[in-house]
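Chains, contacts and geometry: an overview
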Amino acid sequence: MGLPYRRCPLLLPSSDPRAFGPLLWDAMHVLAENYPECPSTRKGRWCRRYLFAISHMLPCRACGRHFRKYLREHDVWRAVETRAGLVALLVGAHNAVSAHARPSRAPFTVEEAHVLYATAPATRPLAGVWGDEPYVGEANPYSFFQGTKRSCAQVGMRRWRRNLVGVAGLMATLISPSFG
Ligand SMILES: Cc1cc2nc3c(=O)[nH]c(=O)nc-3n(C[C@H](O)[C@H](O)[C@H](O)COP(=O)(O)OP(=O)(O)OC[C@H]3O[C@@H](n4cnc5c(N)ncnc54)[C@H](O)[C@@H]3O)c2cc1C
């Protein structure tokens, strides 16, 4: 019988921006919400590549061009250095499209985006979690950086010091007389 007309979802080709748009925005906002507060340079580089890759993969060429233009006009390198930067970049990019596609909508703030994307509906019954460790169900594993809030500069310094100690340890092992 199908759903009553008013509740039946409108089916569009998945290449239509009004069809893929909400799905992709949701995915990107969820990734941003769960991005590390202070990502490593490597992760930042991957994130930047991901954003540009998405712009080339959108099934609407004009949409890809618009998104790329937005990324180029905003400091993506800087944005991917922090979670707050990435969230703001994506909320801004989404607002920029909505200004044309839904001019009556008020721009979203980053706080509103946080409320929307900190949690997500799940299908029931819940699936298992296939991962490396038992899943503890932490709301956001990156929210609490070892229990204390540190600036990204402090986190970077700690990472650098840890790597330096690792390299020094390795060199000490290699040059110690007992080696070999
Ligand atoms: C990268 C990309 C580029 C696009 N470029 C174009 C384009 O050039 N031209 C075009 O016509 N369409 C484009 N689209 C599609 C367009 O953005 C909308 O998805 C589409 O018009 C459907 O709009 P909507 O109002 O139904 O939902 P959407 O605008 O997709 O919004 C879905 C939900 O996201 C939430 N939301 C809305 N705004 C924000 C925000 N700023 N921050 C956080 N959450 C928010 C709301 O809960 C909303 O219900 C693009 C989509 C993507 C992913």
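Structure's up top.
The text that follows walks through the structure, step by step, so that each part is easy to find. (Residues numbered from 1 in each chain as written. Predicted model: local features only at pLDDT ≥ 70, side-chain atom pairs only at ≥ 80, totals over all residues.)

Things to note about the overall build of the protein
Test applied: Only DSSP runs of H or I reaching four residues or more are called helices, and only runs of E reaching two or more are called strands; each is numbered from the N terminus. Any residue with 12 or fewer other C-beta atoms within 10 Å of its own C-beta is exposed, any with 20 or more is buried, and the rest are partly exposed; the C-beta atoms used are placed from the backbone. By the criterion used throughout, residues are in contact when their C-beta atoms, derived from the backbone, lie within 7 Å.
What the protein contains, in helices and strands, is seven helices and zero strands. When the elements of the protein are put in sequence order from the N terminus, they spell out α-α-α-α-α-α-α. By the burial criterion, 12% of the 180 residues in the protein qualify as buried. A separation of at least 24 residues holds for 56% of the contacts in the protein among residues at least 6 apart in sequence.

Observations concerning the site of the ligand
Spelled out, the test is: Proximity of a residue to a molecule or strand is defined by its backbone-placed C-beta atom lying within 6 Å of that partner. Each residue is assigned to one class: nonpolar for Ala, Val, Leu, Ile, Met, Phe, Trp, Tyr, Cys and Pro, charged for Asp, Glu, Lys and Arg, and polar for all the others, Gly among them.
Taken together, 22 residues surround the ligand, and among them Pro 17, Gly 21, Cys 63, His 94 and Phe 108 come closest. Contributing elements (two or more residues each) for the shell around the ligand: helix 1 (17-33), helix 3 (61-73), helix 5 (83-101) and helix 6 (110-117). Here the residues of the shell around the ligand are counted per class, giving 14 nonpolar, six polar and two charged.

As for the nonpolar core
Using the following cut-off: What makes a nonpolar core is a set of buried Ala, Val, Leu, Ile, Met, Phe, Trp, Tyr and Cys residues, with links drawn between C-beta atoms within 7 Å.
Membership of the largest hydrophobic core comes to 13 residues, with the highest contact counts inside it found for Ala 32, Cys 47, Leu 86, Val 87, Leu 89 and Leu 90. Counting residues per element, the ones that place at least two in this core are helix 2 (41-57) and helix 5. The greatest single-element share of this core, amounting to six residues, is contributed by helix 5. Those residues within four positions of Leu 90 in sequence are excluded, and the remaining contacts are Met 28, His 29 and Ala 32.

Some remarks on the environment of Gly 44
Assignment of secondary structure puts Gly 44 in helix 2. For Gly 44, the contacting residues outside a window of four places in its chain are Pro 39, Val 80 and Glu 81.

Thoughts on the packing of helix 1 against helix 6
Formally: To obtain an axis, a line is fitted to C-alpha atoms, over the contacting stretch when the element is a helix, and the angle between two such axes runs from 0 to 180 degrees between their N-to-C directions. Angle categories: roughly parallel below 35 degrees, roughly antiparallel above 145, roughly perpendicular from 65 to 115, and oblique for all the rest.
Direction vectors running N to C along helix 1 and helix 6 enclose 95°, while the axes themselves pass 10 Å from each other. One way to sum up the angle between helix 1 and helix 6 is to call them roughly perpendicular. Here His 29, Val 30 and Glu 33 of helix 1 lie close against helix 6, whose contacting residues are Ala 113, His 114 and Tyr 117. Within the contact of helix 1 with helix 6, the residues separate by chemical class into three nonpolar, two polar and one charged.

A look at helix 5
What counts is decided by this rule: Expected helix span is given by 1.5 Å per residue-to-residue step, counting one fewer step than there are residues.
Under the 1.5 Å per step criterion, the end-to-end length of helix 5 is 27 Å for 19 residues, consistent within 8% with the ideal 27 Å. If you follow the buried residues of helix 5, they end up packed against helix 1, helix 2, helix 3, helix 4 (76-79) and helix 6.

Considerations on unusual backbone geometry
Here Arg 124 and Pro 125 are connected by a cis peptide whose omega angle stands at -5°. Structurally, Pro 125 can be placed in the loop between helix 6 and helix 7 (152-175).

Thoughts on the packing of helix 2 against helix 3
For any two helices packed against each other, one specifies the inter-axial angle together with the distance between the axes. Applicable threshold: Put simply, a crossing is left-handed when the front helix is turned counterclockwise from the back one by less than a right angle, and right-handed when it is turned clockwise.
Interaxial distance between helix 2 and helix 3 falls to 7 Å at its minimum, and their mutual angle equals 155°. One finds that helix 2 runs roughly antiparallel with respect to helix 3. As helix 2 packs across helix 3, the resulting crossing turns out to be left-handed. When helix 2 is examined against helix 3, the residues Leu 51, Phe 52, Ser 55 and His 56 are found in contact with a partner set consisting of Gly 64, Phe 67, Arg 68 and Leu 71. Considering only residue class, the contact of helix 2 with helix 3 consists of four nonpolar, three polar and one charged.

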